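Observations on the model geometry
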Amino acid sequence: MRYHFDFGWLAEYYPTLIKGVLVTVELTLIGAVLGIILGIACAWARALGPSWLKPFVAAYVELIRNTPFLIQLFFIFFGLPGIGVQMNEMTAANLAMIINLGAYSCEIIRAGIQATPRGQFEAGASLAMTRFETFRHVVLVPSLQRIWPALSSQVVIVMLGSSVVSQIAAEDLTFAANFIQSRSFRAFEAYFVSTAIYLALAILLRQILAVVGKMIFPRRVRQ
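Below: a short report on this structure. (Residues numbered from 1 in each chain as written. Predicted model: local features only at pLDDT ≥ 70, side-chain atom pairs only at ≥ 80, totals over all residues. Heavy atoms only, no water.)

1. Some words on the layout of surface pockets
- In this structure, the largest pocket encloses a volume near 390 Å³.
- Forming the walls of the largest pocket are 20 residues, and the residues nearest its centre are Thr-28, Leu-29, Ala-32, Leu-205 and Leu-209.
- Among the elements of the structure, α1 (14-47), α6 (131-161) and α8 (187-216) are those that each provide at least two residues to the lining of the largest pocket.
- The dominant element in the lining of the largest pocket, judged by the number of residues it contributes, is α1, at eight residues.
- For the lining of the largest pocket, the per-class residue count stands at 18 nonpolar, two polar and no charged.
- Space inside the second largest pocket adds up to approximately 150 Å³.
- Along its surface, the second largest pocket is lined by Leu-63, Ile-64, Thr-67, Pro-68, Ile-71, Gln-72, Phe-75, Ile-76 and Ile-99.
- Elements supplying a minimum of two residues to the lining of the second largest pocket: α2 (54-65) and α3 (69-79).
- Looking at the lining of the second largest pocket, its residues break down into seven nonpolar, two polar and no charged. (1 Å grid on protein atoms, 1.4 Å probe; cavity = no way out; pocket = protein on both sides within 12 Å on 5 of 7 lines; lining within 4 Å. Points joined across faces, edges and corners; volume = space filled by probe spheres on them. Helix = DSSP H or I, 4+ residues; strand = E, 2+ residues; numbered from the N terminus. Nonpolar A, V, L, I, M, F, W, Y, C, P; charged D, E, K, R; others polar.)

2. Notes on the nonpolar core
- Core analysis: the largest hydrophobic core is formed by 60 residues, its most contacted members being Leu-27, Ile-109, Phe-135, Leu-144, Leu-151, Val-155 and Ile-180.
- Listed by contribution, the elements that provide at least two residues to this core are α1, α2, α3, α4 (89-114), α6, α7 (173-184) and α8.
- Ranked by residue count, the leading element in this core is α6, at twelve residues.
- Apart from residues no more than four positions distant in its own chain, Leu-144 is found in contact with Ile-109, Leu-151 and Phe-217. (Core = buried A, V, L, I, M, F, W, Y, C linked by side-chain atoms within 4.5 Å. Buried < 20%, exposed > 50% of the residue type's maximum accessible area, 1.4 Å probe, protein only. Contact = heavy atoms within 4.5 Å.)

3. Some words on the environment of Ala-92
- Inspection of the secondary structure assignment puts Ala-92 in helix α4.
- Take Ala-92: its relative accessible area is 0%, and that puts it in the buried class.
- Residues Ala-92 and Gln-72, 20 residues apart in the sequence, show an inter-C-alpha distance of 9.9 Å.
- Look past the residues within four positions of Ala-92 in its chain and what remains in contact with it is Leu-73, Ile-76, Phe-77, Met-87 and Ile-168.

Quick look at the structure:
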């Protein structure tokens, strides 16, 4: 029996798909902004922070980078309630994405910091800046310039990885695809369309990050 491809019936599920896309975009936006902020803080701690803080940050980075994102998500959503910390699925998904991106972006940003010429640190010290002020005003922006393409790629990876949040009933794009498939029993069309949307979102996100990079770093960033 030959399979008859038919995408017309998907029209009735457009609201479900649109809702899933909006949830995925929301998760990505919150995860990217707060995750990068967390990554910057951790990169400063590992590269220039006090010695007592470095082992704790290093342990966090190694824990997150060497465990699956799905397990991290399950631990937050299913594990933390065991000790009295409860949250809804969207909060858990946001927190998991922030923590995950924070660890990966920490190492990317730290690489940029370590590539900073020693003279820039000395220049900051000569101006009577503290180590944090030197980092903020002298080191951070050039470091971000160097690693922006790699950081952009990591944000895209986290966006694609957000597809697993449907496992805790967060109503993202994958949740929408699963819902449509379960109602229509037409898996090929449902997952083909969701795959195409993820591809479009990834390409669009990469282009947006390229534009943002050129706005922030007009002279150096090239994608």
